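Tertiary structure, described
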Amino acid sequence: RAKSSGFGQVTKYDPQLAAITRDRAQRLGDLQMAIERDQFECHYQPLIDFKTGRPCGMEALLRWRREDGKLVPPCDFIPLAEYSGLIRPIGDWVLREAMAMLGQIHAAGFADMRVSINVSKVQMVADNFIDSLERLIALAPVAPQAVEIEITESACDLGIEDLEVLLSRIRKLGFSIAIDDFGTGFSSLAYLDRLPVDKLKIDRCFVTPLDNDEQNSSRIAELIIPLGHRLGMAIVAEGIETEKQAQKLREMSCDIAQGYLYGKPMPADELMTWLKNFNPV
Ligand code: C2E
Ligand code: MG
Ligand code: MG
Ligand code: MG
């Protein structure tokens, strides 16, 4: 018999809902197993300094390599990892892995390279997040000054006081901070002015239309860049795929470029080879 839900209603068995629940439990089990079996890997996408035309950093992008060798993109498992809290151990691993990789890159002679690491809101608000960063720094082969933490605008719904305290602590440890996918979420200008942020990453959706010759197509990028600069921030453009987009962004004084035009995210060893073979155009 159906059970009373305590709200004066009777909950009926819903086979569709049950299937969804079963599916989620299955996927959660898979994710837990992926952690136990060490099935995650970081791929790295180069960042190019517009002024010098040379690589200045890389973004660590998480992948899940399943038993059958298939690579699962983050959009297929990060939401569940966040929902379940598993993003905390996974995120810790990414931080460790990416800093270790940067250590190897420095050792190979690319001393100016930095690494950008995505940190989810769920991970950041954990009570022990700052402690875990401190432990990480003590063991890492590189200084936090070479590491940038990327947070998305959605972290802004933490409330400005909490976020300001949190970001200040992260920054005090030596990390720099970037706001990811800028322009797609909400972040009020008051937030932007008050928060200790070093960089804005213009989302790809504002970069793609730069290919278009219509004047309107470049308005948003044209507004964000001087705004960020006035607030003392550097600007990164995400998702640059064509020379035309790059040219326009360069003319707008954008600081750093990222996109398939320069390099796709690649496994650690490929990125190392890519760096060694890099020739400025
Ligand atoms: P994001 O941080 O904004 O990363 C940029 C995404 O754009 C990456 O997708 C990258 O592969 C893609 N991209 C870069 N250049 C181009 C381009 O020229 N064209 C196109 N079409 N795409 C480009 P990816 O690797 O699938 O990651 C998606 C999102 O997953 C990331 O967006 C980030 O929000 C999240 N993510 C990735 N790794 C982690 C992680 O370690 N922790 C957390 N919390 N989130 C992560
Ligand atoms: Mg990012
Ligand atoms: Mg982004
Ligand atoms: Mg993005």
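Residues numbered from 1 in each chain as written. Chains lettered and ligands numbered in written order. Predicted model: local features only at pLDDT ≥ 70, side-chain atom pairs only at ≥ 80, totals over all residues. Heavy atoms only, no water.

This part is about the coordination of the magnesium ion (ligand 3). Looking at the magnesium ion (ligand 3), one finds its protein donor set to be D180 (OD), D181 (OD), E238 (OE) and E238 (OE), positioned 1.7 to 2.7 Å from the metal centre. Along the chain, the residues donating to the magnesium ion (ligand 3) are arranged with the sequence spacing D-D-x56-E. Between the magnesium ion (ligand 3) and the magnesium ion (ligand 2), the interatomic distance is 3.8 Å, and D180 donates to each metal, bridging them. D180 sits in the buried class, given a relative accessible area of 5%. In this structure D181 comes out as partly exposed when scored by relative accessible area, which is 24%. (Donors = N, O, S within 2.8 Å, 3.2 Å for Na, K, Ca; no water. Buried < 20%, exposed > 50% of the residue type's maximum accessible area, 1.4 Å probe, protein only.)

Restricting attention to buried positions, one finds in helix α10 (residues 243–251) the residues Q245, A246, K248 and L249. Take α10 and look down its axis: the buried residues cluster within an arc of 165°, on one side only. Among the structural elements, α8 (204–207), α9 (219–230) and β8 (234–237) are those in contact with the buried residues of α10. At the C-terminal side of α10, S253 shows a positive phi close to 65°. (Helix = DSSP H or I, 4+ residues; strand = E, 2+ residues; numbered from the N terminus. Arc of directions from axis to C-beta. Contact = heavy atoms within 4.5 Å.)

Note on placement: S218 falls in the loop between α8 and α9. For S218 and G57, which are 161 residues apart along the polypeptide, the C-alpha to C-alpha distance reads 26 Å. Once residues within four sequence positions are removed from consideration, S218 is found in contact with L210 and M252.

A separate point is the pattern of salt bridges. This structure, assessed with the given rule, holds 15 salt bridges. Put simply, D30 and R66 hold a salt bridge, and the shortest N to O gap is 3.1 Å. Of the two residues, D30 is situated in helix α1 (residues 15–36) and R66 in the loop between β2 (55–65) and β3 (71–72); the sequence distance between them amounts to 36 residues. Salt-bridge contacts for K244 lead to D213; the nearest nitrogen and oxygen are separated by 3.0 Å. With K244 in helix α10 and D213 in the loop between α8 and α9, this pair connects stretches of sequence that are 31 residues apart. The class for K244 is partly exposed, based on a relative accessible area of 34%. (Salt bridge = Lys/Arg side-chain N within 4 Å of Asp/Glu carboxyl O.)

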